[in-house]
Amino acid sequence: MTFKTPFVALALALAALAAAPVRAQGTLKVMTTTEDLASIAREVGGALVAVDSMARGFQDPHYVEPKPSFILKLMKADLLVAVGRELEIGWLPPLVTQSRNAKIQAGGPGYLDASLQAQILEVPTGAITRAMGDVHPQGNPHYWLDPENGKRIAAAIAGKLSELRPNDRATFQAQLADFDARLDAGLKRWAAAMAPYQGTKIVTYHRSFPNFAERFGLEIVGYVEPRPGIPPTPQHTLDLINEMKRQGIKLILVEPYFDLKTPNAIARETGAQVLVMPPSVGGVEEAADYFKLFDYDVALVADAIRKSGAK
Amino acid sequence: MRPAPIVRAAMVAAVMLAASNAAFAQVPDASPQELRDAIDQLRRELDARLSALEARLAAVEGEPSPGAAPAPSAAAVPGAKVFNPDIAVIGNFLGAAGRNDVDPAPPLELREAEASLQAIVDPYARADFFLAFGGEGVEIEEGVLTLTALPAGLLGKVGRMKAAFGKVNTLHTHMLPWADRPLVIDNLVGGEEGIADAGLSVAKLLPNPWFFLEATGQVFRGDAGDGLFASSRRRDLLYVGHLRGYRDLSDSANVDLGVSFAQGHNPAGVVDDADVGRFETRLYGIDATVRWRPLARAIYRSFLGRSEIVWSRRGQFGGEQRAAGFYVSGDYQFARRWFAGVRAGRSARASDAARRDQEAAGTVTFWPSEFSQVRGEYRRIGWADAPASHEVLVQFLFAIGAHGAHPF
Ligand SMILES: [Zn+2]
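Structure report, in brief. (Residues numbered from 1 in each chain as written. Chains lettered and ligands numbered in written order. Predicted model: local features only at pLDDT ≥ 70, side-chain atom pairs only at ≥ 80, totals over all residues. Heavy atoms only, no water.)

### A short note on the coordination of the zinc ion
All names here are of chain A. Operational definition: Coordination here is defined by N, O and S atoms within 2.8 Å of the metal (3.2 Å for Na, K and Ca), and since water is not considered, a site can look incomplete. Helix and strand definitions here come from DSSP, where helices need a minimum of 4 consecutive H or I residues and strands a minimum of 2 consecutive E residues; each element is numbered from the N-terminal end. For every residue, the accessible area obtained with a 1.4 Å probe (protein chains only) is divided by the maximum for its type, and the residue is called buried under 20%, exposed over 50%, and partly exposed between those limits.
The protein atoms donating to the zinc ion are His62 (NE2), His142 (NE2) and His206 (NE2), with metal-donor distances spanning 2.1 to 2.2 Å. Read N to C, the donor residues that coordinate the zinc ion are spaced as H-x79-H-x63-H. Taken together, the residues span a long stretch of sequence, with His62 in the loop between strand E2 (49-53) and helix H3 (68-75) and His206 in the loop between strand E5 (201-204) and helix H7 (210-216) at a distance of 144 residues. Of the two residues, His62 and His206, both sit in the buried class.

### Focus on the sheet that holds strand E4 (residues 111-113) of chain A
Residues and elements named next belong to chain A. We count it as follows: Whether two strands pair depends on DSSP finding at least two bridges between them. For helices, the fitted line uses only the C-alpha atoms of the stretch in contact; every axis is such a line through C-alpha atoms, and the angle between N-to-C directions lies from 0 to 180 degrees.
Here we have 4 strands laid out as an open sheet, ordered E2-E1-E3-E4, and parallel in their pairing. The sheet terminates laterally at E2 and E4, the two strands that pair on one side only. Mean inter-strand twist for the sheet, computed between neighbouring axes without regard to direction, equals 20 degrees.

### Focus: the interface of chain A and chain B
What counts here: Whether two residues touch is decided by their heavy atoms; if any such pair falls within 4.5 Å, the residues are in contact. Summed over both partners, the accessible surface that disappears when two parts come together, traced with a 1.4 Å probe, is what is meant by buried area. A side-chain nitrogen of Lys or Arg and a carboxyl oxygen of Asp or Glu constitute a salt bridge if their distance falls within 4 Å. Counted as a polar contact is a pair of N or O atoms within 3.5 Å, where, for protein atoms, one must be capable of donating a hydrogen and the other of accepting one, and residues adjacent in sequence contribute only when both atoms are in side chains.
Between chain A and chain B, the residue contacts involve 44 residues of the former and 48 residues of the latter. Together, the buried faces of chain A and chain B total about 4000 Å²; carbon and sulfur atoms form 58% of this surface. When the buried area of chain A at its contact with chain B is split by residue, Glu65, Arg100 and Arg130 of chain A rank highest and sum to 19% of it. Inspection of the chain A/chain B interface yields 3 salt bridges. Of the charged contacts, one joins Arg293 of chain B and Glu65 of chain A as a salt bridge, the two residues approaching to 3.5 Å between their closest N and O atoms. On inspection of chain A and its partner chain B, the count reaches 11 residue pairs in polar contact (both at pLDDT 80 or more). Mapped by element, the contributors of at least two residues to the side of chain A that touches chain B are H3 and helix H4 (92-97) of chain A.

### Comments concerning the sheet that holds E5 of chain A
Residues and elements named next belong to chain A. Taking strand neighbours across the sheet as the criterion, the 4 strands line up as E6-E5-E7-E8 in an open arrangement whose pairing is parallel. At either margin of the open sheet sits one strand with a lone partner, and together these are strand E6 (219-223) and strand E8 (273-276). Across the sheet, the mean angle separating the axes of adjacent strands is 30 degrees when strand polarity is ignored. Pairing of E5 with E6 involves 4 bridges; the strand directions are parallel. For Val203, the partnering residue across the bridge sits in E6 and is Gly222. In the packing of helix H8 (residues 234-247) onto the sheet, contacts are made with E5, E6 and strand E7 (251-254), and the angle to E6 comes to roughly 150 degrees. Taken strand by strand, helix H10 (residues 290-308) contacts E7 and E8, and its axis lies near 170 degrees from that of E8.

Shown next, in the form of structure tokens:
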């Protein structure tokens, strides 16, 4: 009894000491490369995270200026979430190198490549060369435009957050489950809206929409870009116009950061409609989060097909 | 190679053991119905745990779990190739025509082939090698270890590197918006070779609520810039300091300001291989850059305006030479693959400050793709002591190999 009390006190003090660092930790600072990842991280992290994105949704995510102001944000980040598949290869590596943050270096405990569990399309088989343009050797990096991949990204982020804050694992898992449930409900809604238009053939500017097309039953027949990252050439545009006329294609999807001159010219020749379709959260004001992105895009495409009678 | 069957068997055993312990603890004296329920419950738990464990095992083995993507192609690279550094080669082909009596370049020349080898070393560092193959053989342009995991907001570099003096000195030839270098760089900052030397560098971010502020301190062996700095004793070190301030003015515009300092020994006092003069050179520099790039049209329109002013204090027989020079330039991107630029400047000569040269240049650059560019430049130089030169330069830059990062 005489030495038991101090012993218990000591044990309690040690336990408190061990627990203190965990309890003293504030919100996790999460930096993402794109607004899509930021939106999903906010859903999964809730009040336990503060999230910021480097690229804006109306910006071409292949070409982001590696501004020193991003270094300041990365320096303080607990977690960096990247799209991966070399989408950010032209701008993220120098920022990470200069971040003075060992945690978020590639492979570090605070670095997450969100693509690792996702379903990736257009993974090249066989030899690839730059004669094919700026191809992504690890597959198409615009994979977030499938809500099923949204769930996989969310699960990866929840897993990473739980690693960083084991005490809050239950909260992250609950928020993940809630996100998944709402996304499933959304998926039903979006699939229903697109159901009448299965198999509609479309043309897109860049290869940003293969996951969206596959999920919602659209068939991408051609691209305004002759090759990834190569601007339109007259010959390619002519070939595309002929192909669109032959197949009766009435829709051209263009990412908000591309010039509309060539798509409009193609539309005039073919009677097709040009839709400026955001591939990312924040691409237009209405696409304010990951759910609203699909609300907006699905409504945009479904309305256009219905009105044009393309199907 | 595949431990799967053993691991899987061990997992099943472990799960059953855990489950049976739980079952015994829960049902010491239960009714048959309760027992049946408990067994059903157990079976469900067992199934759930098994599938969870199998999913984890699959992840560990690198098998895609149902619905997951094929592994990234990097993982498919056999054996040690995964750890090969990123390799790229950049060719710089230069053609020159017109009159230049002072410093004529050959009419056609593969000016440089730069090979880069870059990789992460370990959790604490990355390494970047740039080997330049030119007319004078192979030279290590840079070979740097960058320490990315230092405490206190420090970024360390060890190796041979370009000194943090101003802007142009830090850039590789293929990243410049011109086919040549500004006159002030040729006259005062070591020309094409620039200030690049073996040394140590530490850069610290100075956090403040207003802007990005970075202070860099560097110590070099002391031989750099083709006669700009030369050490004749081990303690004749070259010191370089740089302070950089950066601020976003808006989403599309920003301003970048820097002040630089360099001090080291020069070769002016060397007579018959003995450094009898022991002279020093000090350089002071100011650089300013404004950038504009509207985010939503970032791939079509941009502007970069830049100026550097350099003051040189060079000790030599007959007294210190105080020379100064500057350039100012603007580059406008007017289409996705087209840029046009102008540059003007003047500079005294480091060892003869009374002689002042001046230049004016205009460039047009076309990028067939991200990996090649063609540039035409017209340049007029008014030499202090020779007839003015009028030249047309044509440059082809082409890159193969790993996708490099874009300069900023
Ligand atoms: Zn792309």
